[in-house]
Amino acid sequence: MKQQLNEIKQAAVAALGNVSSKAELESFRIEFLGKKGRLTEILRGMGKLSAEERPVIGQMANDIRSFIESEIEALSSRLDMQLLEKKIAEEKIDVTMPGKRQPIGKKHPLTKVLDELKDIFIGMGFEIAEGPEVELDYYNFEALNIPKGHPARDTQDTFYINENVLLRTQTSPVQIRVMERQKPPIKIIAPGRVYRSDAVDATHSPLFHQIEGLVVDKGITMSDLKGTLDAFCKKLYGDKTKTRFRPHHFPFTEPSCELDISCPACNGKGCRVCKNEGWIEILGAGMVHPRVLQICNIDPQIYSGFAFGIGLERTTMRRYEIDDIRLFYENDLRFLLQF
Ligand code: PHE
């Protein structure tokens, strides 16, 4: 039996040499120490031994068992280590490898200039209002004192959804929507898309953007309009900018005006940018027509206000000396990356 035990020990040592994975180690353990394992098999025959032999063989079998057990444990932790090292090696990140460049987009020039305008007006205490691009005829025309058949409708032909629903031709309908739901004091700007069925050329697009402004309170006068817009122009085009208010006509303001600034390119001397005029038209404005206030249930005996409308494309074209409006909408990176 001693002989058999020694053979098992030798076989175990030899078999262990071939174990290279945890799974193999487990089969090895079952083969030698399992319930039907080789060592257990031998110990079953112990009953046949004499009383003197039994403790000796028992001791020997126990020694072999603990020898195999400690070998298994040692090998098991070595295999664990190997696994871990392999994992670390596989998951290693080479921090010296060049990264993949993630191109970051830029703001569209229209967005850049709009952000600037918003900053200026927010700095003067204005809030931002919004209105729908698909608008009712009532808000786009009727409530702005432009009834059906009014000649002002001819210059603002648009896309009709049906007789009463259209794509707004101006941001002025937001004036009405704001005055309907909010009583004075009102001090808002309303930027957004507007539409007109104009043929596309270097200065016209059926889709463009305006920024509407509206101030309504007690005691608002034309000098508030002039002071506010003069301050705005100086912030946008520089302190030296001069402003000039010319009489004009809009159905929803009375009196109405257009605002020119001294040409920022030549300081008013006359150049290519201002077509030798020395002045450049910036926006339309006026005192809110009493009838418009009335329509919105604001008493024109108590309140007055001024409004203005700025074209974003024209402002941006002037700012960056862009000579074709179509460039804004073509998504050509050679153009867009310049801003
Ligand atoms: N809505 C006018 C236009 O599109 C501009 C404007 C706005 C004029 C507000 C006066 C007051 O031409």
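These figures come from a predicted structure and were not determined experimentally.

**Notes on the site of the ligand**
Inference 1: Neighbouring the ligand are 14 residues; Gln170, Ser172, Arg196, Gln210 and Glu212 lie closest to it.
Inference 2: Here Ser172 contributes a side-chain N or O atom positioned 2.9 Å from a nitrogen atom of the ligand.
Inference 3: Note that an oxygen atom of the ligand is positioned 2.9 Å from one of the side-chain N or O atoms of Gln210.
Inference 4: Looking at the shell around the ligand, the elements with two or more residues in it are strand E5 (207-217), strand E8 (279-288) and strand E9 (304-311).
Inference 5: Sort the elements by how many residues they give to the shell around the ligand and E9 lands first, with three residues.
Inference 6: Here the shell around the ligand is built from residues that sort into five nonpolar, seven polar and two charged.

**Here we look at the nonpolar core**
Inference 1: Counting 41 residues, the largest nonpolar core has Phe121, Phe232, Leu283 and Phe308 as its most contacted members.
Inference 2: Looking at this core, the elements that each hand over two or more residues are helix H5 (109-123), E5, helix H8 (222-237), strand E7 (253-262), E8, E9, helix H10 (312-320) and helix H11 (333-336).
Inference 3: Each residue touching Phe308, except ones within four places of it in the same chain, is listed here: Phe121, Phe126, Ile189, Ile211, Glu212, Gly213, Leu229, Leu283, Gly284 and Ala285.

**Some details on the pairing of strand E6 (residues 243-250)**
Inference 1: Across seven bridges, E6 lies against E7 in antiparallel orientation. Bridge pairing in E7 links Phe245 to Leu259.
Inference 2: Linking E6 back to E7 in an antiparallel pair, the connection comprises two residues.

Each value, and the rule that gives it
- Residues numbered from 1 in each chain as written.
- Predicted model: local features only at pLDDT ≥ 70, side-chain atom pairs only at ≥ 80, totals over all residues.
- Heavy atoms only, no water.
- Near = heavy atom within 4 Å.
- Polar contact = N/O pair within 3.5 Å; in protein donor to acceptor, adjacent residues only side chain to side chain.
- Helix = DSSP H or I, 4+ residues; strand = E, 2+ residues; numbered from the N terminus.
- Nonpolar A, V, L, I, M, F, W, Y, C, P; charged D, E, K, R; others polar.
- Core = buried A, V, L, I, M, F, W, Y, C linked by side-chain atoms within 4.5 Å.
- Buried < 20%, exposed > 50% of the residue type's maximum accessible area, 1.4 Å probe, protein only.
- Contact = heavy atoms within 4.5 Å.
- Pairing = 2+ DSSP bridges.

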